[in-house]
Amino acid sequence: MRVLLLLIFSVVWLPSLQAADIFENPQNLKVLPEDISPRELGNTMKGFALATGSRCSTCHVGEERQPLDTYDFASDDKELKGKARVMLKMVSNINATLSKELGEAHVQVTCVTCHHGISKPKTLGMALAEAADKDGIKGMQDEYAKLRDRYYGTHSYDFSEFTLTEFAQTQALGGHPDQAYAILDIVLAENSESFQGHFLYGELALMQGKKELAQGHFEKAIKINPQAAGFVQPRLDQAKQ
Ligand code: HEC
Ligand code: HEC
């Protein structure tokens with residue numbers, strides 16, 4: 001579906017952008033150079049939309065799915081256009097610092113460096129912790145399902161096991177064991193043979209004095225990865241005491 005959308009985006013939509021001449025004679029550039037070529041302005045705007053996962057109408061006054069020549073691109077009425085200007089200045093400061101402090105050869109920071117396709121860039125852990133604070137464990141689980149459904153396989157969020165188990169540890173140590181359990185449940189639902197998932201489940205259960213639960217997970221962890229018995233066995237022994 002996303003691939004299809006992208007194809008439509010680039011094959012149908014972009015030529016229509018050029019035909020509209022909307023990038024000729026910009027009237028209200030406050031950050032971009034006034035003598036920017038129409039082509040460069042067009043590419044910059046396309047880059048903004050792709051990098052932040054938004055549409056022209058996110059920042060500009062105009063109706064979605066209406067021809068672009070009905071838009072008022074010069075207007076500053078949309079709040080996000082103002083925020084995007086702040087971003088433009090920030091990015092140019094960052095790049096100026098990089099070239100000044102690091103010399104000529106430096107990587108340019110662009111919108112996508114931080115945004116990777118979403119309008120408020122955050123890590124998966126940040127998004128889940130926020131949902132948990134707001135709507136509890138169920139809210140966090142729903143948020144995970146929603147994000148995974150929409151973004152899995154894209155550059156927007158990292159759904160790897162390592163990211164999830166790291167987040168589970170952070171939440172466990174930060175005094176949110178129920179969130180940590182919920183995350184480990186997700187890890188094990190996606191891969192019932194996850195060594196790290198079972199080991200951490202055991203650790204969390206042991207930490208909470210749930211020895212029987214811990215035993216089961218430590219035993220499973222050793223079964224999955226016998227080479228790790230050296231450090232899991234002592235934990236299992238402790239759970240058996
Ligand atoms: C993330 C916000 C954002 C998105 C998305 C975005 N723009 Fe812009 N656009 C801006 C900002 C900010 C400026 C003004 C830059 C400046 O002040 O130098 C601008 C300026 C323009 C201008 C010049 C208007 C003028 O007369 O000064 C045009 C034309 C334009 N955008 C078209 C588009 C099109 C077409 C799209 C969709 C492909 C798009 N923009 C997507 C933020 C955005
Ligand atoms: C150094 C990282 C970084 C870069 C580079 C960056 N942004 Fe952002 N941007 C952020 C963060 C973080 C936020 C969220 C700020 C907040 O908490 O409201 C944000 C917020 C925004 C928002 C407001 C989103 C909203 O829903 O409130 C827009 C629009 C935006 N950025 C556009 C851009 C554009 C366009 C560029 C490239 C010119 C860009 N950003 C480059 C980090 C970055």
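Everything in this summary refers to the structure shown in the same document. (Residues numbered from 1 in each chain as written. Chains lettered and ligands numbered in written order. Predicted model: local features only at pLDDT ≥ 70, side-chain atom pairs only at ≥ 80, totals over all residues. Heavy atoms only, no water.)

**Looking at the overall build of the protein chain**
Rule in force here: Only DSSP runs of H or I with at least four residues qualify as helices, and only runs of E with at least two residues qualify as strands; both kinds are numbered from the N terminus onward. Buried, partly exposed and exposed residues are distinguished by accessible area as a fraction of the type maximum, computed with a 1.4 Å probe on protein chains only: under 20%, between the cut-offs, and over 50%, respectively. What makes two residues a contact is simply this: any of their non-hydrogen atoms within 4.5 Å. What sets the accessible areas is the Shrake-Rupley method with a 1.4 Å probe; for residues, cover comes only from the shown protein chains. Two residue types count as positive, namely Lys and Arg, and two as negative, namely Asp and Glu; His and chain ends fall outside the count. Charged groups are reduced to one reference atom each: NZ for lysine, CZ for arginine, CG for aspartic acid, CD for glutamic acid.
When helices and strands are tallied, the protein chain shows 11 helices and zero strands. Starting at the N terminus and ending at the C terminus, the protein chain contains elements arranged as α-α-α-α-α-α-α-α-α-α-α. Its C-alpha atoms give the protein chain principal-axis dimensions of about 80 × 45 × 30 Å. When each of the 241 residues of the protein chain is scored for burial, the buried share is 34%. Considering only residue pairs separated by 6 or more positions, the protein chain has 47% of its internal contacts joining residues 24 or more positions apart. Just so you have it, the protein chain exposes about 14900 Å², and 55% of that area is on carbon and sulfur atoms. A gap of 2 Å separates the mean positions of the 25 positive and 31 negative side-chain charges of the protein chain.

**Re the site of ligand 1**
Our working definition: Residue proximity to a molecule or strand is established when one non-hydrogen atom of the residue lies within 4 Å of it. Each polar contact in these results corresponds to two N or O atoms within 3.5 Å; when the atoms are within protein, one needs to be able to donate a hydrogen and the other to accept it, and residues that are neighboring in sequence are counted only if both atoms are side-chain atoms. As a working rule, the residues Ala, Val, Leu, Ile, Met, Phe, Trp, Tyr, Cys and Pro are called nonpolar, Asp, Glu, Lys and Arg charged, and the rest polar, with Gly in that last group.
Around ligand 1, a shell composed of 24 residues is seen, among which Met45, Cys56, Cys59, His60 and Arg85 lie nearest. In the environment of ligand 1, an oxygen atom lies 2.8 Å from a nitrogen or oxygen atom belonging to the backbone of Asn28. Interatomic distance of 2.9 Å between a backbone N/O atom of Val31 and an oxygen atom of ligand 1. Secondary structure elements with two or more residues in the shell around ligand 1: helix H1 (2-19), helix H2 (38-52), helix H3 (56-59) and helix H4 (79-102). The residue inventory of the shell around ligand 1, partitioned by class, reads 16 nonpolar, four polar and four charged.

**Re the coordination of the iron atom of ligand 1**
Short version of the rule: Atoms of type N, O and S within 2.8 Å of a metal are treated as its donors, and for Na, K and Ca the window is 3.2 Å; water is not considered, so some sites may appear to be missing partners. Under this scheme a four-donor centre is tetrahedral when all angles range from 85 to 135 degrees, a four-donor centre is square planar and a six-donor centre octahedral when opposite donors are above 155 degrees with the rest from 65 to 115, and any other centre is irregular.
Within the protein, the atoms that donate to the iron atom of ligand 1 are Met45 (SD) and His60 (NE2), at distances of 2.0 to 2.3 Å. One can describe the site at the iron atom of ligand 1 as octahedral: its six donor atoms subtend angles covering 88 to 179° at the metal. Taken together, the residues span a long stretch of sequence, with Met45 in helix H2 and His60 in the loop between H3 and H4 at a distance of 15 residues. Residue classification places Met45 among the partly exposed residues on the basis of a relative accessible area of 24%.

Taken by themselves, the reported measurements are silent on function.
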